[in-house]
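Okay, here's what each chain looks like letter by letter:
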Number of protein chains: 2
Amino acid sequence: MQPRIVEVRQGILKKNDLLARELRRRFHDAGVYVVNLVSSPGAGKTALLERTLTELGSRCRVAALVGDLATDNDARRLARSGARVQQITTGTVCHLDAEMIATALEGWDLDALDVLFIENVGNLVCPASYDLGEALRAVLLAVTEGEDKPLKYPTIFNGADLAVLTKIDLADAAGFQRDEALANLQRVRPGIEVLETSARTGEGMDAWLDRLLPSAASA
Amino acid sequence: MQPRIVEVRQGILKKNDLLARELRRRFHDAGVYVVNLVSSPGAGKTALLERTLTELGSRCRVAALVGDLATDNDARRLARSGARVQQITTGTVCHLDAEMIATALEGWDLDALDVLFIENVGNLVCPASYDLGEALRAVLLAVTEGEDKPLKYPTIFNGADLAVLTKIDLADAAGFQRDEALANLQRVRPGIEVLETSARTGEGMDAWLDRLLPSAASA
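The text that follows walks through the structure, step by step, so that each part is easy to find. In this text, all values refer to a predicted model and were calculated from it rather than measured experimentally. (Residues numbered from 1 in each chain as written. Chains lettered and ligands numbered in written order. Predicted model: local features only at pLDDT ≥ 70, side-chain atom pairs only at ≥ 80, totals over all residues. Heavy atoms only, no water.)

What to know about the overall build of chain A
- Looking only at helices and strands, one finds 9 helices and 7 strands in chain A.
- A compact globule built from 219 residues should have a C-alpha radius of gyration of about 17 Å, and chain A, at 17 Å, falls within 12% of that.
- The principal-axis extents of the C-alpha atoms in chain A amount to approximately 50 × 45 × 35 Å.
- Per-residue burial over chain A gives 58% buried out of 219 residues.
- Partitioning the intrachain contacts of chain A with sequence separation of at least 6 by distance along the chain shows that 75% fall at a separation of at least 24.
- Accessible surface for chain A amounts to roughly 8,700 Å². Of this, 48% is attributable to carbon and sulfur atoms.
- Measuring between centres, the 25 positive side-chain charges of chain A sit 4 Å from its 31 negative side-chain charges. (Helix = DSSP H or I, 4+ residues; strand = E, 2+ residues; numbered from the N terminus. Rg over C-alpha atoms; globule rule 2.2 N^0.38 Å. Buried < 20%, exposed > 50% of the residue type's maximum accessible area, 1.4 Å probe, protein only. Contact = heavy atoms within 4.5 Å. Areas by Shrake-Rupley, 256 points an atom, 1.4 Å probe, with all protein chains shown as cover. Lys, Arg positive; Asp, Glu negative; His and termini not counted. Charge placed at Lys NZ, Arg CZ, Asp CG, Glu CD.)

Here you go:
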């Protein structure tokens, strides 16, 4: 039975890749910079995004799509920033795919946007295989998760353009070994850019916003 | 294409359920109590298991199967406890299934065991759908992950017999809202048993071990 599964999955991935290519063309033509945020559940995607939408929203036009199995809690929380936010509820599906993005964006005027964030389902495995047409894939790693995660989930770290260490205000309390985590990131994805942030204290937020803004301007 | 996927997945699940039933019969006949540990990546499965194997190992015969996409770091770390530990490397597969467990146990004398732990792949979505023949499914939730996880990943919490709050030594630093987390657990899975632990300080470990021992004795 195993070969049959692989075959079908390849079929889905090819279909996804075609849709993702089409999305990427639309995003490029509209000049919207698209950021796909992936991480474990609870690594702080929503907290980072909440602060990002508020702070970036005063400097350019931002919006977000938010993937979750259930609940629209995150979308309601993020909408308080004033940005346009839409929930994508996946049910039992462990990732977002390009078709879900295309459907969620029906009726949107992409020309009216500078940056679109996509908050993926919290999962370090499945989202790695689904291109969403993004320009930047950022993988978040909370300092409370342990330094070994890049080694244990290499595919998603290898496929990311940027790693964002989150919750750095908890680094001391958690006994986080920063050098070891950075070495593991470089081992899995040599040369990967790394930012260090705390959405709670605001530390590192400027560097994160500065990383996004020039790309937003030239998208 | 979607219906075709669902159809194939149902086929796999049925096959998995048959294999899980067979495993459960073998575990029962051998008198081994099997615990399936599921959680997000970095919620502390390995830390809890490391301490559990050491402390429980002086009172009964314990072993562990450890699932990971890549690396055998956890298995090597856990083997220091003196317990028999075997790695299951899943590659890009986001969960363990009953066939992987059956294969890993080839050649094992189950009669020589009292408790077998299965550390699943770190993932709050996919492992929910795969019965491994376990007697107890324990879902771990680290206090650093946020109180809303049961609502956002309801299937895995709903399918668990026991919830273990982990890293409670970090609760204050993380601003963990305990009452809210407990209420969310009960909302998703009314009546679920909850234990609170810190593998670092040892807090709550006795209650966890006491929970396992009578079951181990009567398995």
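Concerning the sheet that holds strand β2 (residues 62-68) of chain A
Residue and element names in this part refer to chain A.
- On the basis of which strands lie adjacent, the open sheet formed by 7 strands has the order β3-β2-β4-β1-β5-β6-β7 and parallel pairing. A single partner strand is all that each edge strand has here, and the edge strands are β3 (84-89) and β7 (193-196). Ignoring which end each strand starts from, the neighbouring axes of this sheet average 20 degrees apart.
- Two strands pair when backbone bridges link them, and strand β1 (residues 33-38) and strand β4 (residues 115-119) are joined in this way by 5 bridges, in the parallel orientation. Across the sheet, residue Asn 36 finds its bridge partner in β4, namely Ile 118.
- The sheet strands contacting helix α2 (residues 45-56) are β1, β2, β3, β4, β5 (136-142) and β6 (162-166), and the helix crosses β4 at an angle near 165 degrees.
- The strands touched by helix α9 (residues 205-218) are β1, β4, β5, β6 and β7; relative to β1, the strand with the most contacts, the crossing angle is about 145 degrees. (Pairing = 2+ DSSP bridges. Axes fitted to C-alpha atoms, helices over the stretch in contact; angles between N-to-C directions.)

As for the pairing of strand β4 (residues 115-119) of chain B
All names here are of chain B.
- By the criterion of burial, β4 is predominantly enclosed, with 5 of the 5 residues buried.
- Here β4 shows a buried face lined by Val 115, Phe 117 and Glu 119 and a second buried face lined by Leu 116 and Ile 118.
- Sheet topology note: the strand β2 (residues 62-68)/β4 ladder contains 5 bridges and is parallel. Considered in β4, the bridge of Ala 63 is made with Leu 116.

So, the nonpolar core
- One finds Tyr 153 and Phe 157 of chain A together with Tyr 153 and Phe 157 of chain B to be the most contacted residues of the largest nonpolar core, which totals 54 residues.
- Contributions of two or more residues to this core are made by β5, α6 (154-158), β6 and α8 (178-188) of chain A together with β5 (136-142), α6 (154-158), β6 (162-166) and α8 (178-188) of chain B.
- When residues no more than four places from it in sequence are discounted, the contact partners of Phe 157 of chain A are Leu 124, Val 139, Leu 141, Lys 149, Pro 150, Leu 185, Val 188, Arg 189 and Ile 192 of chain A. (Core = buried A, V, L, I, M, F, W, Y, C linked by side-chain atoms within 4.5 Å.)

A word on the relation of the copies chain B and chain A
- Laying chain B over chain A is done by rotating through 180 degrees and shifting 0.0 Å along the axis; what remains is an RMSD of 0.0 Å. Those values place the two copies in the arrangement expected of a two-fold rotation axis.
- Both copies present the same face, since 100% of the interface residues in chain B are matched by interface residues at the equivalent positions in chain A. (Least-squares fit on C-alpha atoms with pLDDT ≥ 70 in both.)

Notes on the side chain of Asp 148 of chain A
- For Asp 148 of chain A, the position within the fold is in the loop between β5 and α5 (149-152).
- Here the side chain of Asp 148 of chain A touches Lys 149 of chain A through a polar contact of 2.6 Å, side chain to side chain. (Polar contact = N/O pair within 3.5 Å; in protein donor to acceptor, adjacent residues only side chain to side chain.)

Notes on the sheet that holds strand β3 (residues 84-89) of chain B
Residues and elements named next belong to chain B.
- Read from one edge of the open sheet, 7 strands run β3-β2-β4-β1-β5-β6-β7, paired in parallel fashion. Edge positions in the sheet fall to β3 and β7 (193-196), since each of these pairs with one other strand and no more. Mean inter-strand twist for the sheet, computed between neighbouring axes without regard to direction, equals 20 degrees.
- With 4 bridges connecting them, strand β1 (residues 33-38) and β5 associate as parallel partners. Looking at β5, one finds that Leu 37 is bridged to Ala 138.
- Contacting β6 and β7, α8 crosses the sheet at an angle of about 150 degrees to β7.

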